[in-house]
Amino acid sequence: MSAVITSELLFSALIIVALFLIILSTPTIILAVRASSKLLSRYRTLRSVEGLDERAVSKQTLEEWNTVKSPLSYTALLSDEIERLGALRQAMLHSEIAIVLLVVMGLYPGYENDVLIGMAVVVSLVVLVVIYGIRNLRHYIREYVDALAEIDVNGDEAVARIYG
């Protein structure tokens, strides 16, 4: 008995690999980027507050406000979060590989329309997740550059050289 690998078997295996890549990477990206996006929104909100009544807020909120008000501390927070988001590159790469696999397999004739529609929906969702992750990282980078500019405007060139 000799085992024959047919094109159906090969494409089934590739679909399973692509789905595993998606299942393992996409939720990680969504959860990390969503939490990160909320954190940046919180930082921006706290930075926009001019004066904070110490009696009206919790000690944790007051400490966080003091941290984000300092340009040097704020750039350090942003830098840490950019580094955390950079760790998602592997998951994004896995998602991108899965997208390419599904698109290439979708071009191969022989799939039923329902399968092609399902593959198109999955590819679309994964593309949106990857774009969401990239956009969030760009927001952080833009905020980081703005914070560095604020340090530079304040005249602390030694600090600007360290973080620039």
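See the structure above.
Residues numbered from 1 in each chain as written. Predicted model: local features only at pLDDT ≥ 70, side-chain atom pairs only at ≥ 80, totals over all residues. Heavy atoms only, no water.

Examining the environment of leucine 40
Step number 1: Inspection of the secondary structure puts leucine 40 in helix H1 (residues 7-48).
Step number 2: Under the relative-accessibility criterion, leucine 40 is labelled buried at 4%.
Step number 3: Remark: the alpha-carbon pair of leucine 40 and leucine 14, spanning 26 residues in sequence, is separated by 38 Å.
Step number 4: Excluding residues that lie within four positions of it along the chain, leucine 40 makes contacts with Tyr74, Leu78, His139, Tyr140 and Glu143. (Helix = DSSP H or I, 4+ residues; strand = E, 2+ residues; numbered from the N terminus. Buried < 20%, exposed > 50% of the residue type's maximum accessible area, 1.4 Å probe, protein only. Contact = heavy atoms within 4.5 Å.)

Observations regarding the packing of aromatic side chains
Step number 1: Considering all chains together, one arrives at two aromatic pairs under this definition.
Step number 2: Relative to tyrosine 74, the ring of tyrosine 43 has its centre 6.1 Å away and its plane inclined at 80 degrees; by these criteria the two rings are edge-to-face. Of this pair, tyrosine 43 sits in helix H1 while tyrosine 74 sits in helix H3 (residues 71-86), placing them 31 residues apart in sequence.
Step number 3: Judged by relative accessible area, tyrosine 43 falls into the buried class, the value being 7%. (Phe/Tyr/Trp six-rings, centres within 6.5 Å; stacked < 30°, edge-to-face > 60°.)

Description of the side chain of threonine 26
Step number 1: In this fold, threonine 26 is placed in helix H1.
Step number 2: With residues up to four places along the chain from it excluded, the contact list for threonine 26 reads Leu21, Ser95, Val126 and Val129.

Some thoughts on the pattern of salt bridges
Step number 1: Taken as a whole, this structure holds four salt bridges when the rule is applied.
Step number 2: The partner of arginine 47 in a salt bridge is glutamate 150, and the shortest N-O contact between them spans 2.5 Å. Residue arginine 47 is found in helix H1, and its partner glutamate 150 is found in helix H5 (residues 113-153); the two are separated by 103 residues along the sequence.
Step number 3: A salt bridge links glutamate 81 to arginine 84; the shortest N-O distance between them is 2.2 Å. Of the two residues, glutamate 81 and arginine 84 are both situated in helix H3; the distance of three residues between them amounts to about one turn of the helix. (Salt bridge = Lys/Arg side-chain N within 4 Å of Asp/Glu carboxyl O.)

Some thoughts on H3
Step number 1: The end-to-end C-alpha distance of H3 is 22 Å, a good match for the 22 Å that 16 residues give at a rise of 1.5 Å each.
Step number 2: All of the buried residues along H3 are Pro71, Tyr74, Thr75, Leu78, Glu81 and Leu85. The arc enclosing the buried residues of H3, seen along the axis, measures out at 130 degrees, which places them on a common side. Every exposed residue of H3 that faces more than 90 degrees away from the buried side is listed here: Glu83 and Arg84. (Expected span 1.5 Å × (residues − 1). Arc of directions from axis to C-beta.)

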